Amino acid sequence: MAEEKSAPQQADGEALENLLHEGRQFPPSDQFAANAVAKPSLYAEAESAGTEFWARQAREMLTWEKDFEQTLDWSEAPFAKWFVGGKVNAAYNALDRHVEAGNGDRVAINFEGEPGDVRQITYAELTDLVKQAANAFESLGVGKGDRVAIYLPMIPEAVVSMLACARIGAVHSVVFGGFSSDALRNRIDDAEAKLVVTADGTYRRGNPSSLKPAVDEALSDGKSTIEHVLVVQRNEEPVDWTEGRDLWWHDTVAKAGKDHTAVGHDSEHPLYILYTSGTTGKPKGILHTTGGYLTQTAFTHKTVFDLKPEQDVYWCAADIGWVTGHSYITYGPLLNGASVVMYEGTPDTPHRGRWWEIVEKYKVSILYAAPTAIRTMMKWGDDIPAKYDLSSLRVLGSVGEPINPEAWMWYRKVIGSGRTPVVDTWWQTETGAIMISPLPGVTEAKPGAAQAALPGINADVVDESGQSVPNGSGGYLVIREPWPAMLRGIWGDPQRYKDTYWSRFEGMYFAGDGAKRDEDGDIWLLGRVDDVMNISGHRLSTTEIESALVSHAAVAESAVVGANDETTGQAVVAFVILRGEDAKKFTAEGADTSEIVADLRNHVGREIGPIAKPRQVLIVSELPKTRSGKIMRRLLKDVAENREVGDVSTLADTSVMNQITEGLKK
Ligand code: WT7
């Protein structure tokens with residue numbers, strides 16, 4: 001292991017400058033490098049092959065029913081077509097072909113329920129389950145191109161439902177189980193889904209928690225496009241039932257036939273829609289298609305995690321409701337024939353060692369988690385992981401937000417006993433798969449840096465005018481060439497796709513992230529440069545939360561900022577102006593705002609979901625605005641982060657910030 005050469009650093013504020021001088025480097029051990037899936041030559045190979053590099057990967061990673069004729073059609077940029085003319089079935093590639101190859105007895109999913117119940121599902125069994133679900137979905141009138149909403153907890157039926165859709169060419173739209181009924185309804189409406197797959201509920205912190213009532217509420221006006229609700233029985237709590245509309249999974253899927261032949265779908269056939277927050281109030285339905293997405297998720301899962309499917313036990317601790325769960329619980333791992341662990345519950349139930357108990361129990365060798373979880377466990381103390389045998393771990397991954405060097409070091413030392421490579425993987429819902437990451441057997445890792453674009457990916461850091469910045473400087477992260485798993489658009493809104501990603505810099509994909517190149521040319525991610533916040537690795541838009549607040553009868557206006565938070569990365573801080581007679585009362589000296597603040601927080605929880613609840617709600621009488629009426633969130637962020645308020649000269653009324661800071665001191 002390399003020696004520590006410099007003092008610990010924080011990944012925020014002025015200390016970012018110091019990142020450029022990060023001296024600690026961790027090369028892979030000789031043994032790891034010698035046995036690694038990805039060798040250093042992969043970069044040169046990709047460089048010289050150009051787009052054909054991806055054609056090679058597509059043919060190596062997937063079994064095509066019909067080979068493609070053209071690797072990339074970029075003639076209608078920024079709308080890409082990859083592997084044109086090819087036909088491929090995602091479910092066949094994730095399941096049947098492994099069984100046909102004699103690996104039917106390999107465990108596909110090791111499911112661990114929060115209460116401690118377990119299910120081990122082999123590839124042969126999972127194939128049967130997916131065939132049954134495919135038959136059941138078809139019998140409910142779901143066909144190729146139809147949309148299916150999946151609103152499930154972290155149980156195997158989530159994976160089964162996704163793959164059943166993929167098998168029949170239906171387009172899944174997974175909605176995170178933590179989202180509210182309103183959020184679910186908006187997504188159902190936008191995609192015009194025919195079927196919702198849900199569960200009676202799940203378990204949370206030792207108690208049953210319900211899900212079906214949110215679906216009932218979302219559909220209560222009887223006017224949605226939903227024809228059926230398919231309900232998995234998970235926690236056996238009583239549920240309301242709408243005859244004719246609602247069906248139990250165990251009556252429908254479990255009784256369906258096990259014969260179902262997968263046919264190849266066009267390489268560009270839509271695979272799924274996944275909604276994510278943008279800079280406006282309305283979430284965007286990010287569209288992914290088949291051939292390119294499957295190719296890059298399989299390739300990156302294999303190379304970035306050094307996957308040896310016969311030996312490894314792989315655990316991605318994300319939720320299926322986010323893109324990480326799509327690409328690195330379902331598609332990437334199963335395409336590669338890996339054995340995955342799936343855990344339903346929270347990390348502290350019934351005790352704070354639960355994760356490490358799971359690692360020990362299943363001999364997890366590859367762990368993929370978010371910095372917010374890593375920081376939380378760091379806070380809980382080293383003595384907890386020390387109680388478990390973590391020696392099976394050999395690769396550790398991080399995703400979702402920048403990982404501060406301290407958390408990176410802790411992850412490697414305490415969880416990885418100082419010997420496992422740590423891969424910090426940068427990507428987005430839109431990119432579909434990992435784009436920037438070390439390769440564990442190749443890269444000399446630097447704590448806190450995603451470092452380099454993967455082979456076949458052309459990422460860059462540019463200045464305002466789109467020029468590449470020299471080493472040692474910062475700017476905006478862009479992708480210069482199309483990539484196979486790239487989004488194909490925003491569902492129903494091609495113009496928004498162009499405007500959001502392809503108009504800031506001519507001919508380049510604008511990711512919305514700030515980045516720097518260090519003196520070696522390595523890339524460091526610095527967080528969003530737009531009004532998108534990152535709370536515990538989950539994306540939320542300031543505007544979306546502002547809209548939720550303003551929909552409350554007592555609110556006149558609101559401004560939301562993401563403030564630094566030690567554990568969650570960022571936290572939501574809302575500034576609210578109340579309306580009506582009562583407004584003055586709450587901004588007066590010594591006013592008790594606790595009740596209205598609690599009410600507003602709960603309101604946001606109901607409108608969007610608990611993750612969107614503001615950490616703080618500050619009742620103010622004014623908001624800082626420019627002469628053109630734009631709220632200056634930068635100044636509010638200063639307040640939220642307890643900093644000296646910055647330059648106020650562009651404010652229409654320069655006294656506003658004084659009023660706010662004075663008001664808050666009261
Ligand atoms: C945004 C994308 C990628 C799946 C989970 C989040 C941030 C993601 C990293 C990383 C620094 C990261 C970016 C990006 N982000 N990974 N390794 N280092 N920042 O997907 O919800 O689409 O969010 O998450 O800001 O733009 P998402």
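Small disclaimer: the values here were computed from a predicted structure and weren't measured.

1. Quick notes on the overall build of the protein chain
Part 1: Counting secondary structure elements, the protein chain contains 22 helices and 30 strands.
Part 2: A compact globule built from 666 residues would reach a C-alpha radius of gyration of about 26 Å, and the protein chain, at 25 Å, matches this within 12%.
Part 3: The 666 residues of the protein chain split such that 61% are buried.
Part 4: At a minimum sequence separation of 6, the contacts of the protein chain that also span at least 24 residues come to 70%.
Part 5: Carbon together with sulfur atoms contributes 47% to the accessible area of the protein chain, which is approximately 25200 Å² in total.

2. Examining the nonpolar core
Part 1: With 117 residues, the main nonpolar core has Ile109, Phe137, Phe305, Tyr331, Tyr368 and Trp426 as its most contacted residues.
Part 2: Among the elements that take part in this core, helix α7 (residues 156–168) stands out by supplying nine residues, more than any other.
Part 3: Setting aside anything within four residues of it in sequence, one finds Phe305 in contact with Thr300, Tyr314, Tyr328, Ile366, Tyr368, Arg394, Val395, Gly397, Val423 and Ile434.

3. Looking at helix α12 (residues 323–335)
The α-helix winds at 3.6 residues per turn, so residues separated by three or four positions along the chain end up facing the same way.
Part 1: With 13 of 13 residues buried, α12 is to be regarded as a mostly interior element.
Part 2: Downstream of α12 by a residue or two, Gly337 has a phi angle that is positive, lying close to 70 degrees.

4. Regarding the pattern of salt bridges
Part 1: Scanning the entire structure with this criterion turns up 43 salt bridges.
Part 2: Residue Glu401 pairs with Arg375 through a salt bridge whose shortest N-O separation is 3.2 Å. Of this pair, Glu401 sits in the loop between β19 (395–399) and α16 (405–415) while Arg375 is found in helix α14 (residues 371–380), placing the two residues 26 residues apart along the sequence. Taken individually, Glu401 and Arg375 each receive the classification buried, so the pair is uniform in this respect.

5. What to know about the site of the ligand
Part 1: Taken together, 17 residues sit near the ligand, with Asp424, Thr429, Asp513, Arg528 and Arg539 positioned nearest.
Part 2: In this structure, Pro402 approaches the ligand through a main-chain N or O atom, which is 3.4 Å from a nitrogen atom.
Part 3: Taking Gln428, its side chain carries an N or O atom lying 2.9 Å from an oxygen atom of the ligand.
Part 4: When the ligand is considered free in solution it has 550 Å² of accessible area, and contact with the protein chains removes 97% of it.

6. Some points on the sheet that holds strand β25 (residues 523–528)
Part 1: Read across the open sheet, the four strands follow the order β21-β22-β24-β25; overall the sheet is antiparallel. In this open sheet, the two strands that pair with only one neighbour each are β21 (459–462) and β25. The sheet shows a mean angle of 45 degrees between the axes of neighbouring strands, direction not considered.
Part 2: Sheet analysis places strand β22 (residues 474–479) next to strand β24 (residues 509–517), joined by five bridges and oriented antiparallel. Bridge pairing links Val478 to Phe510 in β24.

7. What about the packing of aromatic side chains?
Part 1: Applying the stated rule across the entire model yields 33 aromatic pairs.
Part 2: Aromatic side chains Phe305 and Tyr368 sit 4.6 Å apart centroid to centroid with 65 degrees between the ring planes, which places their arrangement in the edge-to-face category. A residue pair is termed long-range when its members are at least 10 positions apart, and Phe305 in the loop between α11 (291–304) and β16 (313–316) and Tyr368 in strand β18 (residues 366–369) qualify at 63 residues. Per residue, the accessibility class of Phe305 equals that of Tyr368, and both read buried.

8. Section: helix α21 (residues 633–640)
Part 1: Most of α21 is tucked away, with six of its eight residues classed as buried.
Part 2: Within α21, the full set of buried residues consists of Arg633, Leu635, Leu636, Asp638, Val639 and Ala640.
Part 3: One or two residues past the end of α21 sits Asn642, with phi positive at roughly 55 degrees.

9. Focus: unusual backbone geometry
Glycine aside, the phi torsion of most residues is negative, and most peptide linkages are trans.
Part 1: With an omega dihedral of 5 degrees, the bond running from Ala77 to Pro78 counts as a cis peptide bond.
Part 2: Inspection of the secondary structure puts Pro78 in the loop between β1 (70–76) and β2 (79–84).
Part 3: In this model, Glu192 sits at a positive phi of 50 degrees, which is unusual for a non-glycine residue.
Part 4: Inspection of the secondary structure puts Glu192 in the loop between α8 (181–191) and β8 (195–199).
Part 5: Of note in the backbone geometry, Asp306 takes a positive phi value of approximately 55 degrees without being a glycine.
Part 6: Along the chain, Asp306 turns up in the loop between α11 and β16.

10. Regarding the packing of helix α6 (residues 123–139) against α7
If you want to describe how two helices pack, look at the angle between their axes and the distance between the axes.
Part 1: Their axes nearest at 8 Å, the elements α6 and α7 cross at an angle of 65 degrees. Where α6 crosses over α7, the handedness of that crossing is right-handed. Contacts between α6 and α7 involve Leu126, Leu129, Val130, Lys131, Ala133, Ala134, Phe137 and Glu138 from the former and Val160, Ser161, Leu163, Ala164, Cys165, Arg167 and Ile168 from the latter.
Part 2: Partitioned by chemical class, the residues of the contact of α6 with α7 number 11 nonpolar, one polar and three charged.

11. Some remarks on the sheet that holds β18
Part 1: Taken in spatial order, the seven strands of this open sheet run β5-β4-β17-β16-β18-β19-β20, and their pairing is mixed. With partners counted over all chains shown, the strands left at the sheet margins are β5 (118–122) and β20 (422–425), one partner each. With direction set aside, neighbouring strand axes in the sheet form an average angle of 20 degrees.
Part 2: Inspection of the sheet shows β16 paired to β18 by three bridges, in the parallel sense. Bridge pairing in β18 links Trp315 to Leu367.

12. What about the side chain of Glu112?
Part 1: Of note, Glu112 is situated in strand β4 (residues 107–112).
Part 2: The exposure class of Glu112 is buried, given its relative accessible area of 3%.
Part 3: Here the side chain of Glu112 touches Arg354 through a polar contact of 2.8 Å, side chain to side chain.
Part 4: When near neighbours in sequence (up to four residues on either side) are disregarded, Glu112 contacts Asp117, Val118, Met342, Tyr343, Glu344, Arg354, Ile358, Lys361 and Tyr362.

Reading guide: rules and limits
- Residues numbered from 1 in each chain as written.
- Predicted model: local features only at pLDDT ≥ 70, side-chain atom pairs only at ≥ 80, totals over all residues.
- Heavy atoms only, no water.
- Helix = DSSP H or I, 4+ residues; strand = E, 2+ residues; numbered from the N terminus.
- Rg over C-alpha atoms; globule rule 2.2 N^0.38 Å.
- Buried < 20%, exposed > 50% of the residue type's maximum accessible area, 1.4 Å probe, protein only.
- Contact = heavy atoms within 4.5 Å.
- Areas by Shrake-Rupley, 256 points an atom, 1.4 Å probe, with all protein chains shown as cover.
- Core = buried A, V, L, I, M, F, W, Y, C linked by side-chain atoms within 4.5 Å.
- Salt bridge = Lys/Arg side-chain N within 4 Å of Asp/Glu carboxyl O.
- Near = heavy atom within 4 Å.
- Polar contact = N/O pair within 3.5 Å; in protein donor to acceptor, adjacent residues only side chain to side chain.
- Pairing = 2+ DSSP bridges.
- Axes fitted to C-alpha atoms, helices over the stretch in contact; angles between N-to-C directions.
- Phe/Tyr/Trp six-rings, centres within 6.5 Å; stacked < 30°, edge-to-face > 60°.
- Left-handed = near helix turned anticlockwise from the far one by under 90°.
- Nonpolar A, V, L, I, M, F, W, Y, C, P; charged D, E, K, R; others polar.

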